[in-house]
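Structure assessment
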Amino acid sequence: MPELNLVLLGPPGSGKGTQGERLQEDLRLPYYATGDILRGAVREGTELGRTAKEYMDRGDLVPDEVIVGVIAERIDSPEARDGFILDGFPRTMPQAEALDAKLDDLERAVTAVLLIDVSDDEVVRRLGGRRTCEENGHVFHVEFNPPGSEGVCDIDGSPLIVRDDDKPEVIRKRLETYHAKTEPLVDYYDQRSVLRRIDGTGAPDDVTEEIRRTLATMRLEQDETV
Ligand code: AP5
């Protein structure tokens, strides 16, 4: 089977993490979510975490040179040989160019970029009610996806917390950052014919179904061109 190098793109709170977890199970590919990697580094108090925290708490992006190396190393690892799922990377034009350059070196390319589309109002609603598992980053919502037992992760039993960057003023800043720095990637990938738009406004299961359909269609198209 041809390798599958996937990118999940979309505003904060569009459901990239929710869908990424499901895709990882479906496709059995390594899943690299830069937000989770950075939060892990903050928890462990590493140099990466200390650098990243001040940017994250403000709703800014960490500098490109900090994050590019983190992802390049993973893509180059044996576990990513058959493909990978990226969530939260690339997020700026220089990151997209660095990803292309790295994949070029490996004689590979991005297979598809799934843009999960939701409005700013929906982002505010979703992030305002999000609860995240402290240990492993599993994601819930007080209204749309409540845990079985309040405040406890269904999957690993660790406490559910409100992320530091899910405060209303930081949510607004993250949205501004998305529109200014990440949205231009939509055109970048559209011009390369790898962009697939996913309506992110339905229920999580509906969004998962649309992604599955999109990937199945893509595979058929690939088979026809071989
Ligand atoms: P990151 O963790 O990547 O944050 P984000 O992109 O803002 O995305 P989120 O994790 O907030 O949302 P999501 O799209 O995963 O949605 P989720 O599934 O949780 O990054 C955090 C920070 O790290 C950045 O601000 C930056 O500082 C730094 N960073 C990371 N990557 C970087 C990079 N490449 N360069 C520089 N800096 C970087 O869903 C949200 C909520 O909605 C949940 O409660 C969920 O249950 C609910 N929900 C999900 N789907 C649905 C649905 N269909 N209907 C109803 N509710 C839903």
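Right, let's walk through the structure included here. (Residues numbered from 1 in each chain as written. Predicted model: local features only at pLDDT ≥ 70, side-chain atom pairs only at ≥ 80, totals over all residues. Heavy atoms only, no water.)

What to know about the site of the ligand
- Looking at the ligand, there are 37 residues lining it, with Thr 18, Asp 60, Arg 91, Arg 130 and Arg 174 nearest.
- Between the ligand and the protein, one listed contact pairs an oxygen atom with a backbone N or O atom of Gly 15 at 3.1 Å.
- Take Arg 91: an N or O atom from its side chain is 2.6 Å from an oxygen atom of the ligand.
- Contact with the protein chains removes 97% of the 1000 Å² of surface that the ligand exposes when unbound.
- Secondary structure elements with two or more residues in the shell around the ligand: helix 1 (16-27), helix 2 (34-44), helix 6 (120-128), strand 6 (139-141) and helix 9 (204-225).
- A per-element tally of the shell around the ligand places helix 2 first, with four residues.
- Here the shell around the ligand is composed, by residue class, of 15 nonpolar, 13 polar and nine charged.
- Split by domain, the shell around the ligand shows at least three residues from each of two domains, domain 1 (4-118 + 168-225) and domain 2 (120-162). (Near = heavy atom within 4 Å. Polar contact = N/O pair within 3.5 Å; in protein donor to acceptor, adjacent residues only side chain to side chain. Areas by Shrake-Rupley, 256 points an atom, 1.4 Å probe, with all protein chains shown as cover. Helix = DSSP H or I, 4+ residues; strand = E, 2+ residues; numbered from the N terminus. Nonpolar A, V, L, I, M, F, W, Y, C, P; charged D, E, K, R; others polar. Domains from an automatic or database assignment.)

Topic: the packing of helix 4 (residues 64-75) against helix 5 (residues 93-105)
- Two elements in contact, helix 4 and helix 5, have axes separated by 10 Å at closest approach and are oriented at 30 degrees. Comparing their axes, helix 5 and helix 4 come out roughly parallel. For helix 4 against helix 5, the interelement crossing comes out right-handed. Here Asp 64, Ile 67, Val 68, Ala 72 and Ile 75 of helix 4 lie close against helix 5, whose contacting residues are Pro 94, Gln 95, Ala 98, Leu 99, Lys 102 and Leu 103.
- In terms of residue class, the contact of helix 4 with helix 5 is built from eight nonpolar, one polar and two charged. (Axes fitted to C-alpha atoms, helices over the stretch in contact; angles between N-to-C directions. Parallel < 35°, antiparallel > 145°, perpendicular 65-115°, else oblique. Left-handed = near helix turned anticlockwise from the far one by under 90°. Contact = heavy atoms within 4.5 Å.)

Things to note about the pairing of strand 3 (residues 83-87)
- Counting buried positions over the five residues of strand 3 gives five, a clear majority of the element.
- Neither face of strand 3 is open: one carries Gly 83, Ile 85 and Asp 87, the other Phe 84 and Leu 86, and all of them are buried.
- Taken together, the five bridges between strand 1 (residues 4-9) and strand 3 define a ladder with parallel strand orientation. The partner of Asn 5 across the bridge, within strand 3, is Phe 84. (Buried < 20%, exposed > 50% of the residue type's maximum accessible area, 1.4 Å probe, protein only. Pairing = 2+ DSSP bridges.)

Some details on the nonpolar core
- Within the largest apolar cluster, 29 residues are counted, with the highest numbers of intra-cluster contacts made by Tyr 32, Ile 75, Phe 84, Leu 86, Leu 99, Val 113 and Tyr 189.
- Mapped by element, the contributors of at least two residues to this core are strand 1, helix 2, helix 3 (47-58), helix 4, strand 3, helix 5, strand 4 (112-117) and helix 8 (184-191).
- When sequence neighbours within four positions are dropped, the list of residues in contact with Tyr 189 reads Pro 90, Ala 96, Leu 99, Val 113, Val 194 and Leu 195.
- Ranked by size, the runner-up nonpolar core spans 17 residues in total, among them Leu 6, Tyr 31, Ile 116 and Met 218. (Core = buried A, V, L, I, M, F, W, Y, C linked by side-chain atoms within 4.5 Å.)

Focus: empty space enclosed by the protein
- Applying the stated criterion to the full structure yields three cavities of 30 Å³ or more.
- One number sums up the size of the largest cavity: a volume of about 60 Å³.
- At the level of secondary structure, the elements contributing two or more residues to the lining of the largest cavity comprise strand 1 and helix 7 (168-182).
- Considering only residue class, the lining of the largest cavity consists of seven nonpolar, three polar and two charged. (1 Å grid on protein atoms, 1.4 Å probe; cavity = no way out; pocket = protein on both sides within 12 Å on 5 of 7 lines; lining within 4 Å. Points joined across faces, edges and corners; volume = space filled by probe spheres on them.)

With respect to the sheet that holds strand 5 (residues 130-133)
- Reading across from one edge, 6-5-7 is the order of the three strands in this open sheet, with antiparallel pairing throughout. In this open sheet, the two edge strands, each paired with only one partner strand, are strand 6 and strand 7 (160-161).
- Relative to strand 7, strand 5 is paired through two bridges, and the arrangement is antiparallel. From the neighbouring strand, Thr 132 faces strand 7, where its bridge partner is Ile 161.
- Together, strand 5 and strand 6 form the strand contacts of helix 6, whose direction differs from that of strand 5 by roughly 50 degrees.

By themselves, these figures tell us nothing about what the structure is for.
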